[in-house]
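Chains, contacts and geometry: an overview
Given next are the chains, with one letter for each unit.
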Amino acid sequence: MSHATATATADESVEFGRLLTGVLLTCHESNVYPSATVVDSASALSSAQHQSPTLARLSTMRGLRGLLAVSGRRAAASGASSSPHSVLFARALQILSQPEPVRLHKLSAPDSGIVELRLERPEARNAIGKEMLKGLRSAMDKVGADPTANVVLVASSVPKVFCAGADLKERRLMGPSEVREFVNTLRATFSSFEALPIPTIAVVEGAAFGGGLELALSCDLRICGESATFSLPETGLAIIPGAGGTQRLPRIVGRARAKELIFTGRRFDATEAVNMGVVNYCVPGGEAYQKALELAREINQKGPLAIRMAKKAINEGMEVDLSSALAVEEECYEQVL
C-alpha cells in the first residue's frame, strides 16, 4: 500500500469514527430508548432543536444511507478492498439506517416524563405485521420499566392514517397456527398496554381501522382530528375483531351501539366518534397532537403516584360491584397517604 493510500485510509477511519461518535452521542442527548434508532445524525446536531423529531429522524436516515452510498462508490473507484474497520462501520450504519415501525422518544424538559410512541410504517399505512407487533411489545416493556415515564402519547408519523389495522398481505402467507399465535399476541399486547400504570393518550389523525381502532381503544384517552375515520370492518372479511374490539367498544359506547358498529363494519367519522364517547376531543385537522400534548402536560404536573392510583382505582373498580370497588378505592388511597 502506498503512503498516499495509507493516509487516505487513515483519514477515512478518523472520519467514520467521528460520525459514529456523533450518532451515538445524539442518541444519548435525544433521550432515545436504548434499543431505538437514533433520532438525529451527527451532521444534524446543530439544527435538531429546530426540527420535529420525525423530520430530524428522516433527515438522519437519508444522511446515513447517503454516507453508505458514497463510501461504496469510493471503495469501488479506488479498487481497494475494504478494511475490517470500514466493513464493520458500514454494517453499523446499515443497522442504524433500517427503518423501525415503532419508535419511542422521551421528551426533554420542561416536558420530562412524557413519552411518545410513534407508528412509522408508511409503505403499509401502519398496518400491524410481525415486526410492528414486536416493536409494540418491546415499547410496552420499556415504558412499563421506566420509573420516569408519567404519560404516553401514541401517534402516527404517517400522514392521513393512524393505523390501517392488521397487515392482511402478510397474514395471507400465514398458516392457521401462525394466525392464531399472531392474534393472541396482539390481544395480549393491547391488554398489556391498557394495564400500564400511567395514562396513555391516542392521537388519531386519519384512518383508525380494525386493529388500529383496537389500539386506540386500549388507551385511556383519545384525541382525533376532524378528518379522522374509524371502523371495525372484520365481519366483512368473515372474521371478528380479535384484539379486544368486541369487549372494549361496548364498554365505551354501550352494548347496542357496539353491536351495530361491529355487525355492519361501517365507518364512522370524528363527529360521531366524539358524540358516542369513542374520543374525548375532536379538534381541527392537524391539531390533535397539540391537544394531546396539552392534556399530557396537565397530567404530568400532577402527583405521579396519585395519577397511577387514580387509574388503578377506576380500572379495577369498574370490573367489580360497587362495594368491592370502594374497597379498591380505599386500598389506592392508602398508597397515597
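Residues numbered from 1 in each chain as written. Predicted model: local features only at pLDDT ≥ 70, side-chain atom pairs only at ≥ 80, totals over all residues. Heavy atoms only, no water.

The chain is annotated in an unreviewed UniProt entry as Methylglutaconyl-CoA hydratase, mitochondrial from Aegilops tauschii subsp. strangulata. Check the Sequence similarities (unreviewed entry) section of the UniProt entry for the chain; it says "Belongs to the enoyl-CoA hydratase/isomerase family." (UniProt positions renumbered as here; feature names shortened; annotations may be inferred.)

What the chain contains, in helices and strands, is 13 helices and ten strands. Relative to its 337 residues, the chain shows a buried fraction of 43%. In the chain, once contacts between residues fewer than 6 apart in sequence are set aside, the share between residues at least 24 apart is 68%. Element-wise, carbon and sulfur atoms account for 57% of the exposed surface of the chain, whose accessible area totals about 17,500 Å². (Helix = DSSP H or I, 4+ residues; strand = E, 2+ residues; numbered from the N terminus. Buried < 20%, exposed > 50% of the residue type's maximum accessible area, 1.4 Å probe, protein only. Contact = heavy atoms within 4.5 Å. Areas by Shrake-Rupley, 256 points an atom, 1.4 Å probe, with all protein chains shown as cover.)

In terms of nonpolar packing, the biggest core is built from 49 residues, with L117, F162, V204, F230, L249 and V278 touching the most fellow members. Counting residues per element, this core draws most heavily on helix α4 (residues 130–144), at six residues. In this structure F230 touches V204, A208, F209, L213, C224, R266, R267, F268, D269, A270, A273 and V279, once residues within four positions along its chain are discounted. In this structure, L107, V151, L295 and A296 belong to the second largest nonpolar core, which totals 15 residues. (Core = buried A, V, L, I, M, F, W, Y, C linked by side-chain atoms within 4.5 Å.)

One open sheet accounts for four strands, arranged β4-β6-β8-β9; its pairing is mixed. The sheet is open, and its two edges are formed by β4 (161–163) and β9 (268–269), each paired on a single side. Where β4 meets strand β6 (residues 207–209), two bridges bridge the pair, whose relative direction is parallel. In the sheet register, C163 faces β6, and the bridge partner there is A208. (Pairing = 2+ DSSP bridges.)

Glancing now at helix α8 (residues 245–253). Within α8, burial applies to G245, R248, L249 and V253. The buried residues of α8 all sit within an arc of 110 degrees when viewed along its axis, so they share a single face. Buried residues belonging to α8 abut α6 (176–194), α7 (211–217), α9 (255–264) and α10 (270–276). Backbone geometry just downstream of α8 places G254 in the positive-phi region, at approximately 100 degrees. (Arc of directions from axis to C-beta.)

Let us look at the layout of surface pockets. The volume enclosed by the largest pocket comes to roughly 960 Å³. What lines the largest pocket is a set of 29 residues, among which E194, C219, D220, I314 and N315 lie closest to the centre. Going through the elements one at a time, β7 (221–225), α8 and α12 (304–317) are the ones with two or more residues in the lining of the largest pocket. When residues in the lining of the largest pocket are grouped by element, the largest group, eight residues, is from α12. Looking at the lining of the largest pocket residue by residue, the class counts come to 13 nonpolar, six polar and ten charged. Residue-level mapping places the lining of the largest pocket at the junction of two domains, with at least three residues from each of domain 1 (94–301) and domain 2 (302–336). (1 Å grid on protein atoms, 1.4 Å probe; cavity = no way out; pocket = protein on both sides within 12 Å on 5 of 7 lines; lining within 4 Å. Points joined across faces, edges and corners; volume = space filled by probe spheres on them. Nonpolar A, V, L, I, M, F, W, Y, C, P; charged D, E, K, R; others polar. Domains from an automatic or database assignment.)

Turning to its location among the elements, E116 is positioned in strand β2 (residues 114–119). In terms of polar contacts, E116 uses its side chain to reach the side chain of R118, at 3.1 Å. Those residues in contact with E116, other than ones at most four positions away along the chain, are R103, L104, H105, L107, L153 and Y289. (Polar contact = N/O pair within 3.5 Å; in protein donor to acceptor, adjacent residues only side chain to side chain.)

On to the pattern of salt bridges. Opposite charge on two side chains lets them pair, provided their charged atoms get close. This structure, assessed with the given rule, holds 15 salt bridges. Put simply, R297 and D111 hold a salt bridge, and the shortest N to O gap is 3.0 Å. One end of the pair, R297, is in helix α11 (residues 288–300); the other, D111, is in the loop between β1 (102–106) and β2, and 186 residues separate them in sequence. Notably, a salt bridge pairs R251 with E319, separated by 3.9 Å at the nearest N-O pair. Here R251 is found in helix α8, whereas its partner E319 is found in the loop between α12 and α13 (322–336), with 68 residues between them in sequence. Neither residue differs from the other here; R251 and E319 are each classed as exposed. Here the salt bridges share partners, and the residues they tie into one network are R257, E260, R266 and E272. (Salt bridge = Lys/Arg side-chain N within 4 Å of Asp/Glu carboxyl O.)

To continue, consider the packing of α12 against α13. The geometry of α12 relative to α13 is characterised by a closest axis approach of 9 Å and an angle of 170 degrees between their N-to-C directions. One element, α12, and the other, α13, form an angle in the roughly antiparallel class. Contact with α12, carried on its side by L305, A306, M309, K312, A313, E316 and G317, involves A325, V328, E329, E331, C332, Q335 and V336 of α13 and no other residues of that element. Of the residues in the contact of α12 with α13, the class split is eight nonpolar, two polar and four charged. (Axes fitted to C-alpha atoms, helices over the stretch in contact; angles between N-to-C directions. Parallel < 35°, antiparallel > 145°, perpendicular 65-115°, else oblique.)

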